[in-house]
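Examination of the molecular architecture
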Amino acid sequence: MTIREAADALRRRKVSAVELTGAALGRIERGNPTLRAFLTVTAEEALAQARQADSELAAGKDRGPLHGIPMASKDLFYTRGVLTTGGSPIYKNFVPDRDAEAVARLKAAGAVMLGKLNLHELAYGITSANPHFGAVANPWNPKHSPGGSSGGSGAAVAAGMVYAALGTDTGGSIRIPASFCGTVGLKPTYGRVSRRGVMPLSWSLDHVGPLTASVRDAALVLNAIAGHDPADRSSSRHPVVDFMPEESDVRGLRVGFPENFFFERLDVEVELAVRGAIARLESLGAAIKPIKLPDMAALNAVGRIILLCEASAVMEPHLANRSQFGPDVLALLDQGRLLPATDYIHAQRLRRQMVHQFSQVWSDVDCLVTPTTPNTAPRIGEQTVKLGGRDEDVRLATTRLVRSLNLLGLPALSLPCGLSAAGLPVGLQIVAPAFEEALVLRVGAALEDGGIGIPRCPF
Amino acid sequence: MKDWSAIAKAAGLDIPAKEAARHSQPLDGLEEAFRPLVKSLTPEMEPAAVFDAVEEQA
């Protein structure tokens, strides 16, 4: 059931928020020993919130489409009175005295929060094989990774434990788990959603967004969490619109098909599924336009420099005790400390230049469609994947098609567009100009309405 | 190629030499991609970082 279906059932009194919450808690109890998606389950608080939601609806107080809907947040979001670990022993006893702004907005919209979701340690990686709290498993095949860093968010949504989950995306960390777990994942424009109360990884690259079961559900969550926050210096004053794509007409829309980079070194099944979805868009009336993009590998290099430097600056106070980090995260933190300050400055100068260059793309096309990841979910523990006939580091391969959008700050939506022969989801990515989330959601909804998608996860 | 172990030592970073040596491959690869880009920068190109004297007082 999607949020929209659940919301409709609530208002028809076919189900109560307490029943929805009880069912979700039951799924967590049964599935979490296998998936390790939740680190903390706040069952009593959730049931109390659900009872309040039912009382309010009965009294005629309707907070909107998220009222009474079970959700959860990545354990990187501050939650008042609830343990918030960041997936790290550094914060194993940290209990915030306030909610992150995005969590507070979901609560104000009536959402029932079920707890905190597992993640890659400190959100600094893409496997969610957390050495301290256990590896999150992919509901489509528990031997495979759910992706990361918001791996618990992707797994929980795919397994039907929650209707939506909050994630963060610094170099693909919403879109990668969405791709691997067969959910929708939206990285909004930088500054669209407040980062206040979210443990930082990289101040200038961090984004907050939802993972959901459908494109329209992502729009509903974005409607609740988007908008200016004066207490977040990166928060934009750009006007907020209704993101819900009531219609999904793409006739005449100029959809860019990248001639370079995005379709190189792909798993064959990924390429076939994404090309099939693009053909569907064309049959729906979109104009598919081949386009040569700027040097995306250069964008990735610049993004990596910024991330390495900023993440190391964030975590430097804790590096005196090296034993509290997993080996992969520690390696990245060390690498960031070895880069000179001038490289960071140069990277931020190049970023400005590249954002300007990339903006020219939008004079030729309205949006871009690409694969989200070049591969389907690797097995847990796999270090390399074979793509285009050569072995590639799993982390670099998996972030290859998504990282540049964090540097550019552009909205990007991942949605499932097929299953591999092994039964693993394939994700495609829709990218649009800054603050055009409504457009990526409209194109995504057109694909969903046009039959692009995957069956419900059998987990 | 930079000697990352020597850089770590000179900077006074407590990175064990063995671990610093393991960073050579990823950092050398990144250097190779990044260094040519820097050559394209001109002095008037400012970083994408903003300081607003009024905002910062808020």
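Thresholds applied
- Residues numbered from 1 in each chain as written.
- Chains lettered and ligands numbered in written order.
- Predicted model: local features only at pLDDT ≥ 70, side-chain atom pairs only at ≥ 80, totals over all residues.
- Helix = DSSP H or I, 4+ residues; strand = E, 2+ residues; numbered from the N terminus.
- Rg over C-alpha atoms; globule rule 2.2 N^0.38 Å.
- Buried ≥ 20, exposed ≤ 12 C-beta atoms within 10 Å, placed from the backbone.
- Contact = placed C-beta atoms within 7 Å.
- Nonpolar A, V, L, I, M, F, W, Y, C, P; charged D, E, K, R; others polar.
- Pairing = 2+ DSSP bridges.
- Axes fitted to C-alpha atoms, helices over the stretch in contact; angles between N-to-C directions.
- Parallel < 35°, antiparallel > 145°, perpendicular 65-115°, else oblique.
- Core = buried A, V, L, I, M, F, W, Y, C linked by C-beta atoms within 7 Å.
- Right-handed = clockwise from strand over helix to strand, strands pointing away.

Structural notes on the overall build of chain A
The helix and strand tally for chain A stands at 14 helices and 15 strands. In terms of overall size, chain A behaves like a compact globule, its C-alpha atoms giving a radius of gyration of 20 Å where 459 residues would be expected to give roughly 23 Å. Overall size of chain A, expressed as C-alpha extent along the three principal axes, is 60 × 55 × 45 Å. Within chain A, buried positions represent 60% of all 459 residues. Put simply, of all contacts in chain A between residues at least 6 apart along the chain, 76% involve residues at least 24 apart.

Focus: unusual backbone geometry
Residue and element names in this part refer to chain A. Residue Gly148 is joined to Ser149 through a cis peptide bond whose omega torsion reads 15°. With respect to the helices and strands, Ser149 occurs in the loop between strand 5 (134–135) and helix 5 (151–158). Its identity is not glycine, yet Leu122 carries a phi of approximately 60°, on the positive side. For Leu122, the position within the fold is in the loop between strand 3 (112–117) and strand 4 (129–130). The exposure class assigned to Leu122 is buried, which follows from the 27 C-beta atoms found within 10 Å.

Details of the environment of A:Thr168
All names here are of chain A. Note on placement: Thr168 falls in strand 6 (residues 164–169). Sequence separation of Thr168 and Pro200 is 32 residues, and the distance between their C-alpha atoms is 9.7 Å. If near-sequence neighbours (up to four positions away) are discounted, Thr168 is found in contact with Lys74, Leu76, Ala123, Ser150, Ser173, Ile174, Val198, Asp206, His207 and Val208.

A look at the interface of chain A and chain B
Taken together, the contact between chain A and chain B spans 19 residues of the former and 21 residues of the latter. A total of eight residues in the side of chain A that touches chain B trace back to one element, the largest contributor, which is helix 11 (residues 341–359) of chain A. Grouping the amino acids of the side of chain A that touches chain B by side-chain chemistry returns nine nonpolar, four polar and six charged.

Examining helix 7 (residues 215–225) of chain A
Residues and elements named next belong to chain A. Counting buried residues along helix 7, 10 of its 11 residues qualify, which places the element largely inside the surrounding structure. Three or more residues of helix 7 are buried, namely Val215, Arg216, Asp217, Ala218, Ala219, Leu220, Val221, Leu222, Ala224 and Ile225. Gly227 occupies a position one or two residues after helix 7 and carries a positive phi of about 130°.

What about the sheet that holds strand 14 (residues 412–419) of chain A?
Residue and element names in this part refer to chain A. Taken in spatial order, the 11 strands line up as 1-3-2-6-8-7-14-15-11-9-10 in an open sheet, and their pairing is mixed. Single-partner strands in this sheet number two, and they are strand 1 (38–41) and strand 10 (287–291). Taking the axes of each pair of neighbouring strands and ignoring which way they run, one obtains an average angle of 30° across the sheet. As paired strands, strand 1 and strand 3 are joined by three bridges and run antiparallel to one another. Bridge pairing links Thr40 to Lys116 in strand 3. Its contacts with the sheet place helix 3 (residues 43–58) against strand 1 and strand 3, and it is angled at close to 155° to strand 3. Each of strand 11 (367–371), strand 14 and strand 15 (425–431) touches helix 14 (residues 437–449); the most contacted strand, strand 14, lies at about 15° to it.

Notes on the packing of helix 9 (residues 296–315) of chain A against helix 3 (residues 24–38) of chain B
Between helix 9 of chain A and helix 3 of chain B, the least distance of the axes is 9 Å, while the angle of their chain directions is 105°. Judged by the inter-axis angle, helix 9 of chain A sits roughly perpendicular to helix 3 of chain B. Between helix 9 of chain A and helix 3 of chain B, the residues in contact are A:Ala297, A:Ala298, A:Ala301, A:Val302, A:Arg304 and A:Ile305 and B:Leu30, B:Ala33, B:Phe34 and B:Leu37, respectively. Broken down by class, the residue content of the contact of helix 9 of chain A with helix 3 of chain B amounts to nine nonpolar, no polar and one charged.

Side note on the nonpolar core
If you look at the biggest cluster of nonpolar residues, it comprises 151 residues, and the most contacted ones within it are A:Met71, A:Ala156, A:Val162 and A:Cys367. Residues in contact with A:Ala156, not counting those within four places in the same chain, are A:Ala37, A:Phe38, A:Ala72, A:Leu117, A:Met161, A:Val162 and A:Ala165.

As for the pairing of strand 3 of chain A
All names here are of chain A. Among the six residues of strand 3, six are classified as buried, and the element is accordingly described as predominantly covered. Bridge count between strand 2 (residues 70–74) and strand 3: four bridges; the pairing is parallel. Looking across to strand 3, one finds that Met71 is bridged to Met113. Handedness of the β-α-β unit built from strand 2, helix 4 (residues 101–108) and strand 3 comes out right-handed.

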